[in-house]
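# Descriptive structure summary
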Amino acid sequence: MLMSENCAKESLLNKRPKVNNESDPKSPLSLPTQTSRRLAKFIGAKALARCDLNGLTVNALLDSGAQVSMIDRSWKKKYLPDAPVRPLSEIFDDEELEIQAVNGEALPFDGWVLITVSFAGNSVLSQSIMVPFLISGITLERPILGFNVLEEVVQSRPAELLPALTTLLSDSISASMDQVEMLVNFLQADKPPMHPRLLRTGNYVIAVPAGQVAWVKCQIPPTVDLSDPLLLFEPEENNAHLEELEIGEGLVEMQSAKRPYTTIPIRNNTKHPVTIPRKTVLGSIQAVARVIEANPQEPPRLRIVANVAATSAAQTASGLWQPLVDLSHLSGEEQDKVKKMLWEESAAFARDSHDIGCIPSLQMSINLKDDIPVQRAYASVPKPLFKEVKEYVQDLLMKGWIVKSKSSYAAPVVCVRKKDGTLRLCIDYRLLNQKTIPDRHPLPRIQDLTDTLGGYSWFSILDQGKAYHQGFVSKDAQHLTAFITPWGLYEWVRIPFGLSNAPAAFQRSMEEMLGPLRDDCCLPYLDDVLCYAKTFDEHVEGVRRVLQALQRHGVKLRPEKCELFRREVRYVGRLVSAQGVRIDPKDLDAVRSLASRTPQTVGDVRKLTGFLGYYRSYIQDFSRIAKPIYELLQAKPGQAAVERGKSKGPQLPSRTPV
């Protein structure tokens, strides 16, 4: 790995040599005659690019001759003190770790750090990319953007980004547009094909139990490109140790650790355990160039286009795995049928908490009553939560769910703890919601949903994780979602929680996804989908059809939150079973606790009647039983004139004693 000559040029910028202006044949810098060619300047201008590094605007050295991007330890300590420094051993073996400058001298590095890079002042190139920066022990005048940044921008962006990149380079190196276009075309040139690398098991013998699936952890070969976590795996065809096993093929995800690894599912369909010797070759792995949807009108078949020398360029990859769903309540035969179906439709489930769905068809727009911006100052973050909140914002930024903003709108953030103790960053959009024209798409009435479930015996609940974040805010409305923090102003790319029209937009999207399946074998209520059927086999096929519909639109379900193939499930606060719909006894505990509390004012009585009225459809003769409570809201003789005179309407004031 080489460091560019521009690093040496940086140290010479303030030491320009005196050039002899007279023609002296003895001088090595003598000027040529008028008939000869022009002599280039000894030192050219700096190629500086204005960009944002983790939200900090800097002028970085744009160095196309550097293979890596770099910062020095003092710059990192001053401007990015909280960014974690990672050891070089994560990406290099000890024998491979030899970084040299152009003159051959070894360069000391403290490690590397992952930094979000976006180009300031360029609306087209404003979307951020993640770039690994080496931390140099040698002092650098400013951060260096290497060739890896230019490569990533040119090769991973669509054609409409090229004019913006050309302008950026033209401004940085003071070159003509024609010259810069030639450089961009050179960067776009295809690379030589990357040959697949072998994927082996570890240092221990692996036993796969009969009729079960084992997830085998395999280290990623160091020669594989680590810039993209998505890889293509192809099983080994001629291996005697693997003949009795079924190895999952397709797309796999690289997991980050001291040494990157991935897990491969291996199924043993025999009735006896099968052992895999240590260091067994399971197959080959290679980087993916791009994923192309073959036909958006058909069920999702992904064609994987990889840079392969001796293998096919187009393959069907399903990335099959076994979702961890509780099926212990089913018989052995029923479990086998459900597991087979879930294995085939496993792409609808998230592998972990970081696997979030992506629904391109869900683009939420925001229409306002006027164009006057609303803004509020940021709320102070409690000191004990300062680091956690900052990391939360940085994580959203790294995922690409939010971007830096220059909007005239600003909403404050509020820190909230979820049930599991983790942090959720809520945003106070009350001022924006007051100006928003309501989306009148209706949410289903709970009573209407439950009334349609009579006569069904099998039920399943499909639950999504971070449901709103799977959809997108339309580009023309993203600036309206801007929120302010102590670290700057950001706006959402994904749909945030707190927008008044988000439920209607999400409900409409779910109904469009399921189409004719709705009211036939499933009912969507926001991120919860209830599947139902009269027989077990019908339910298996019905759930399969729903999972396929969700996959076509990019939805991801949380397997640990799903309840599959149950005789009774909890849906929208009700217990649904073949016997009908009833109240969950757990919810009645809150009602029973009211027996020890006596209402003191008319306001207390109104709260009580409103709370009890939620259950009136499940209580026979509710009005007759509750009549004494409603009588407390009526004015007593001689009290009406006095009390009603204090109120704005015919009702008694809430503070009136009962």
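Residues numbered from 1 in each chain as written. Predicted model: local features only at pLDDT ≥ 70, side-chain atom pairs only at ≥ 80, totals over all residues. Heavy atoms only, no water.

### Re the sheet that holds strand β29 (residues 528-533)
Test applied: At least two DSSP bridges between two strands are required for those strands to pair. Runs of H or I in DSSP of at least four residues are treated as helices and runs of E of at least two as strands, each being numbered from the N terminus. What counts as an axis is a line fitted to C-alpha atoms, over the stretch in contact for a helix, and the angles between N-to-C directions run from 0 to 180 degrees.
Pairing within the open sheet is antiparallel, and its 4 strands lie in the order β28-β29-β24-β30. The open sheet terminates on both sides in strands that have one partner only, identified here as β28 (522-525) and β30 (563-566). With direction set aside, neighbouring strand axes in the sheet form an average angle of 15 degrees. The pairing of β28 with β29 spans 4 bridges and is antiparallel. What sits directly across from C522, in β29, is C531.

### Side note on the confidence of the model for the protein chain
We apply this condition: Confidence scores per residue from the predictor, reported as pLDDT, run from 0 to 100. Residues count as neighbours in contact if any of their non-hydrogen atoms are within 4.5 Å of one another.
With 74% of its residues at a pLDDT of 70 or more, the protein chain shows a mean pLDDT of 77. This stretch, residues 1-36, has a pLDDT under 50; its non-local contacts, to residues over four places away or in other chains, come to 48 contacts.

### Section: the pattern of salt bridges
Counted only if it meets this: The working definition used for a salt bridge is a side-chain nitrogen of Lys or Arg within 4 Å of a carboxyl oxygen of Asp or Glu. The cut-offs for exposure are 20% and 50% of the maximum accessible area for each residue type, with area from a 1.4 Å probe on protein chains only; residues under the lower value are buried, those over the upper are exposed, and the others partly exposed.
Taken as a whole, this structure holds 21 salt bridges when the rule is applied. A salt bridge links E344 to R544, with the nearest nitrogen and oxygen atoms 2.6 Å apart. Here R544 lies in helix α11 (residues 536-552) and E344 lies in helix α6 (residues 332-344), a separation of 200 residues in the sequence. A residue is classified by how much of its surface remains accessible, and E344, at 33% relative accessible area, is partly exposed.

### Observations regarding the layout of surface pockets
The cut-off we apply is this: Buriedness of a pocket was judged along seven lines, with at least five required to meet protein on both sides within 12 Å; pockets are open sets of points on a 1 Å grid over the protein atoms alone, cavities are sets where a 1.4 Å probe fits but cannot get out, and lining residues have an atom within 4 Å of a point. Grid points are joined across faces, edges and corners, and a volume is the space filled by probe spheres set on the points.
The computed volume of the second largest pocket comes to approximately 490 Å³. Forming the walls of the second largest pocket are 18 residues, and the residues nearest its centre are G211, V213, R267, Q322 and K339. Residue assignment for the lining of the second largest pocket shows that the elements contributing at least two residues are β11 (213-219), β15 (261-268) and α6. Here the lining of the second largest pocket gets 5 residues from one element, more than from any other, and that element is α6.

### With respect to empty space enclosed by the protein
Applicable threshold: Following the grouping adopted for this structure description, the nonpolar residues are Ala, Val, Leu, Ile, Met, Phe, Trp, Tyr, Cys and Pro, the charged ones are Asp, Glu, Lys and Arg, and the polar ones are all others, Gly among them.
Under the counting rule described, the total for this entry stands at 6 cavities of 30 Å³ or more. For the largest cavity, the calculated volume is near 90 Å³. For the largest cavity, the lining is made up of 13 residues, of which V374, A410, A411, L431 and L432 are closest to its centre. Counting only elements with at least two residues in the lining of the largest cavity, the list comes to β22 (411-417) and α8 (430-435). For the lining of the largest cavity, a count of residues per class yields 10 nonpolar, 1 polar and 2 charged.

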